[in-house]
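If you want the building blocks of each chain, they are given just below.
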Amino acid sequence: VQLQASGGGLVQAGGSLSVSCAASGRTFSRYGMGWFRQAPGKEREFVSLITWNGRDTYYADSVKGRFTISRDNAENTVTVYLQMNNLKPEDTAVYYCAATTFSGWATKAYEYDYWGQGTLVTVSS
């Protein structure tokens, strides 16, 4: 099982960045996929999730209207994207993708079964 996040980097406030996560080794096309983030000295927090079929999405209030989650359910690898626009310095964090079989709105870390290694997003002011 592998969840490989990529695409992080340094961007100025107001800019855009896209991170992605390639999940393989399970039938991740049947998993809900989520993004979490953890800023230095802070707890990991929920950012967004997308249902297994991509029909429903959910966002934390802090990113609603600025971030967009999407997914591509290819046969062997599921790729989940997080498009981040109008970035703010407070969006600076390590972003983690995760997979869940939870049937409801999985916004808690313990509701996820598999995790990627994280990718760093730094927003400068």
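Okay, so let's go over this structure.

### A word on the sheet that holds strand E8 (residues 77–84)
Argument step 1. Overall, antiparallel pairing links the 4 strands, which are arranged E1-E3-E8-E7 in an open sheet. Taken across any chain shown, the strands that pair with only one partner, and hence form the sheet edges, are strand E1 (2–6) and strand E7 (67–73). Recorded for the sheet is a direction-independent mean angle of 15° between the axes of neighbouring strands.
Argument step 2. As paired strands, E7 and E8 are joined by 7 bridges and run antiparallel to one another. Residue pairing in the sheet places Ser70 in a bridge with Tyr81 of E8.

### Observations regarding the packing of aromatic side chains
Argument step 1. A complete count under the given rule lists 9 aromatic pairs for this structure.
Argument step 2. Pairing Tyr58 with Trp105 gives two aromatic rings, centres 5.4 Å apart and planes at 25°, and the pair type is stacked. Within this pair, whereas Tyr58 is found in strand E6 (residues 57–59), its partner Trp105 is found in the loop between strand E9 (93–100) and strand E10 (114–115), the two being separated by 47 residues in sequence.
Argument step 3. By relative accessible area, which is 36% here, Tyr58 ends up partly exposed.
Argument step 4. Taken together, a centroid distance of 5.9 Å and an interplanar angle of 55° make the contact between Tyr112 and Trp115 tilted.
Argument step 5. Taken together, the ring pairs in this structure connect Phe36, Phe46, Tyr58, Trp105, Tyr112 and Trp115 into an aromatic cluster.
Argument step 6. Cation over ring: Arg44 sits above Tyr96, and NZ or CZ is 3.8 Å from the ring centre.
Argument step 7. If you follow Arg44 out to its NZ or CZ, it ends over the ring of Trp115, 4.8 Å from the centre.

### A closer look at the nonpolar core
Argument step 1. In terms of nonpolar packing, the biggest core is built from 36 residues, with Leu3, Met33, Trp35, Phe67, Leu82, Met84 and Tyr95 touching the most fellow members.
Argument step 2. With 5 residues, E9 is the largest single contributor of residues to this core.
Argument step 3. Not counting residues within four places of it along the chain, the set of residues in contact with Leu82 comprises Leu17, Ser18, Val19, Trp35, Val47, Ser48, Phe67, Thr68, Ile69 and Tyr95.

### What to know about the pairing of strand E5 (residues 45–50)
Argument step 1. Most of E5 sits inside the fold, with 5 of its 6 residues counted as buried.
Argument step 2. Relative to E5, strand E4 (residues 32–38) runs antiparallel, the two sharing 5 bridges. By the bridge assignment for E5, Met33 is matched with Ile50.
Argument step 3. Here E4 folds back onto E5 in antiparallel fashion, the turn holding 6 residues, of which Gly41 has a positive phi close to 80°.
Argument step 4. Strand direction decides the pairing type here: E5 and E6, joined by 3 bridges, are antiparallel. By the bridge assignment for E6, Ile50 is matched with Thr57.
Argument step 5. Counting the residues in the hairpin turn of E5 and E6 gives 6 residues, including Gly54, whose phi is positive at 80°.

Reading guide: rules and limits
Residues numbered from 1 in each chain as written. Predicted model: local features only at pLDDT ≥ 70, side-chain atom pairs only at ≥ 80, totals over all residues. Heavy atoms only, no water. Pairing = 2+ DSSP bridges. Helix = DSSP H or I, 4+ residues; strand = E, 2+ residues; numbered from the N terminus. Axes fitted to C-alpha atoms, helices over the stretch in contact; angles between N-to-C directions. Phe/Tyr/Trp six-rings, centres within 6.5 Å; stacked < 30°, edge-to-face > 60°. Buried < 20%, exposed > 50% of the residue type's maximum accessible area, 1.4 Å probe, protein only. Lys NZ or Arg CZ within 6 Å of the ring centre and 35° of its normal. Core = buried A, V, L, I, M, F, W, Y, C linked by side-chain atoms within 4.5 Å. Contact = heavy atoms within 4.5 Å.

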